[in-house]
Amino acid sequence: MNRFDYVRPATVSEAIAAAALPGSACLAGGTNLLDLMKGGVLAPERIVDLTRLPGLSAVEHLPDGTTRIGALVRNADLAHDRTFAARFPAVAEALLSGASGQLRNAATAGGNILQRTRCACFADPASACNKREPGTGCSAIGGENRSHAVLGWSDRCIATHPSDFCVPLAALGAVVELEGPDGRREVPLADFHRLPGETPEIETERRPGEIVLALRLPADAAGFRDHARYLKLRERTSYAFAVVSVAAMLRIEGGRIADGRIALGGVALKPWRAREAEALLAGAEPGGDAFDRAAEAALAEARPSGDNAHKIELARRLVVRALKLAAAGTPERVPALPGSPFAPVPEGSLHV
Ligand SMILES: Cc1cc2nc3c(=O)[nH]c(=O)nc-3n(C[C@H](O)[C@H](O)[C@H](O)COP(=O)(O)OP(=O)(O)OC[C@H]3O[C@@H](n4cnc5c(N)ncnc54)[C@H](O)[C@@H]3O)c2cc1C
Ligand code: SF4
């Protein structure tokens, strides 16, 4: 273990001042940061422990209809918050699909959105990795890459973002609240994570010294509560990262889709909001044809980055299945979550 300084600021301003110093890393639940330090991937000079900061641990349903999730709210606490889960069932379902019970008890909302890729070469200091060490090359290209990206990748990096939580948040139009040396600002979650392009080492829109204060869901996000699902395909149901995942949410009025939202996980270096597919859903009858067209559109730009062409067809089918299950209605009992992609779609449920 390398030597490092440890500071525990008492206020957000103190935390920003410490986080802005070169070589600092913020600590929340530590489930990602500490693993990477132990593995020799990261060696920060200073750990800025955010866990005692006041005011970042609440879930608030505000008078203007928005919902604010403090950055230090634990993943498990959020998933089991009854009011929150009733308003945003696909978010609860995504949280419960992620990691294990122990990890969800420690992991925070802010840490989840800022977790690093699970590319095995990134986690192995002996492998070349443009993200870890710019300019060294990408060992995953031509290497072990069956779980890598099929959308938005570049010849510098083909990694994916591993978060489940981010996927329904992107579909619902969540924003990230940040505060840094230049003050407060907001960034839509769907724009917060960057695609790799020429600079895979720049992962998010977060600027040096900025602290994530909260995530905010807009007032219209609870309008999808009756038809909302998150499906995650993984190699081991007990716990594993997504091979592919889909958040599908519908607002149905008079037998037609008034608003449809789709985002995919495990396919790109960011949660992938499928806006073209959403446009095809608007005004359509919920059912087979519309869902097939939406799935085609969601994956229209997809191409394998290596030994992973199977992910494209898996993703297409999972979009259709998630839409069908969403149209059938959110399960009444939140403990029925998380859903399995292998669960049967109820008979006659496609035209609600
Ligand atoms: C075995 C295992 C399996 C897992 N499976 C899944 C899974 O299936 N799905 C899934 O989504 N995740 C999974 N995870 C990842 C887990 O969800 C993340 O590690 C966790 O959410 C990170 O939260 P944390 O609070 O522990 O973050 P930390 O490890 O403390 O921090 C992570 C990063 O965020 C930064 N950070 C944290 N909070 C802030 C803040 N408020 N402001 C600025 N920067 C901040 C840190 O500096 C660091 O860079 C798994 C993890 C493990 C170890
Ligand atoms: S895919 Fe990205 S993270 Fe993985 S080795 Fe290549 S550059 Fe590094």
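Residues numbered from 1 in each chain as written. Chains lettered and ligands numbered in written order. Predicted model: local features only at pLDDT ≥ 70, side-chain atom pairs only at ≥ 80, totals over all residues. Heavy atoms only, no water.

For the rest of this paragraph, the subject is the site of ligand 2. Near ligand 2, the surroundings consist of 15 residues, among which Cys-119, Cys-129, Cys-138, Cys-157 and Ile-158 are the closest. Partitioned by chemical class, the residues of the shell around ligand 2 number 10 nonpolar, three polar and two charged. (Near = heavy atom within 4 Å. Nonpolar A, V, L, I, M, F, W, Y, C, P; charged D, E, K, R; others polar.)

Attention now goes to the pairing of strand 6 (residues 175–180). Of all the six residues making up strand 6, six are buried; the element is thus mostly covered by neighbouring parts of the structure. Residues Val-175, Glu-177 and Glu-179 line one face of strand 6 and the alternating positions Val-176, Leu-178 and Gly-180 line the opposite face, and both faces are buried. Sheet topology places strand 6 next to strand 7 (residues 183–188); six bridges connect them, and they run antiparallel. When the sheet's bridge partners are listed, Val-175 is paired in strand 7 with Pro-188. Between the antiparallel neighbours strand 6 and strand 7 lie two residues. (Buried < 20%, exposed > 50% of the residue type's maximum accessible area, 1.4 Å probe, protein only. Helix = DSSP H or I, 4+ residues; strand = E, 2+ residues; numbered from the N terminus. Pairing = 2+ DSSP bridges.)

Among all positions of helix 1 (residues 12–19), only Val-12, Ala-15, Ile-16, Ala-18 and Ala-19 are buried. Looking straight down helix 1, one finds that the buried residues subtend no more than 165 degrees of arc, so they occupy a single side. The elements touched by buried residues of helix 1 are strand 1 (5–7), strand 2 (24–27), strand 3 (46–49), strand 6 and strand 8 (211–217). (Arc of directions from axis to C-beta. Contact = heavy atoms within 4.5 Å.)

Let's shift gears to the site of ligand 1. With respect to spatial proximity, 34 residues lie near ligand 1, and among them Cys-26, Gly-30, Thr-31, Thr-108 and Asp-164 are the closest. Interatomic distance of 2.7 Å between a side-chain N/O atom of Thr-31 and an oxygen atom of ligand 1. In the model, a nitrogen atom of ligand 1 is placed 2.7 Å from a nitrogen or oxygen of the Asp-164 side chain. Protein burial of ligand 1: of its 970 Å² of free accessible surface, 93% is covered by the chains. (Polar contact = N/O pair within 3.5 Å; in protein donor to acceptor, adjacent residues only side chain to side chain. Areas by Shrake-Rupley, 256 points an atom, 1.4 Å probe, with all protein chains shown as cover.)

The five strands are arranged 4-5-8-6-7 in an open sheet whose pairing can be described as antiparallel. Sheet topology places strand 4 (59–61) and strand 7 at the edges, where each strand pairs with a single neighbour. On average, adjacent strands in this sheet sit at an angle of 20 degrees to one another, irrespective of strand direction. Running over the sheet, helix 1 touches strand 6 and strand 8 and is turned about 120 degrees from strand 8. (Axes fitted to C-alpha atoms, helices over the stretch in contact; angles between N-to-C directions.)

Looking at the chain as a whole, its pLDDT mean stands at 94, while 94% of the residues score no less than 70. Here residues 348–352 is modelled with pLDDT under 50, and outside its nearest four sequence neighbours on either side it reaches 14 contacts, counting other chains as well. (pLDDT = per-residue confidence, 0-100.)

With that settled, the discussion passes to the nonpolar core. Of all hydrophobic cores here, the largest spans 39 residues; its most connected members are Ile-69, Ile-113, Phe-165, Leu-189, Leu-215 and Leu-217. In contact with Phe-165, not counting residues within four places along its chain, are Ile-69, Leu-78, Val-91, Ala-94, Leu-95, Ala-109, Asn-112, Ile-113 and Leu-215. Of all hydrophobic cores here, the second largest spans 35 residues; its members include Leu-231, Ala-274, Phe-291 and Ala-295. (Core = buried A, V, L, I, M, F, W, Y, C linked by side-chain atoms within 4.5 Å.)

Further remarks concern the packing of helix 11 (residues 288–298) against helix 12 (residues 310–328). Following both chains from N to C, one finds helix 11 and helix 12 inclined at 140 degrees, their axes separated by 8 Å at the closest point. For the element pair helix 11 / helix 12, the angle class is oblique. Both helix 11 and helix 12 take part in a crossing whose hand is right-handed. Taking contact as the criterion, the partners of Phe-291, Asp-292, Ala-294, Ala-295 and Glu-296 in helix 11 are, on helix 12, Arg-316, Val-319, Val-320, Leu-323, Lys-324 and Ala-327. Tallied by class, residues from the contact of helix 11 with helix 12 come to seven nonpolar, no polar and four charged. (Parallel < 35°, antiparallel > 145°, perpendicular 65-115°, else oblique. Left-handed = near helix turned anticlockwise from the far one by under 90°.)

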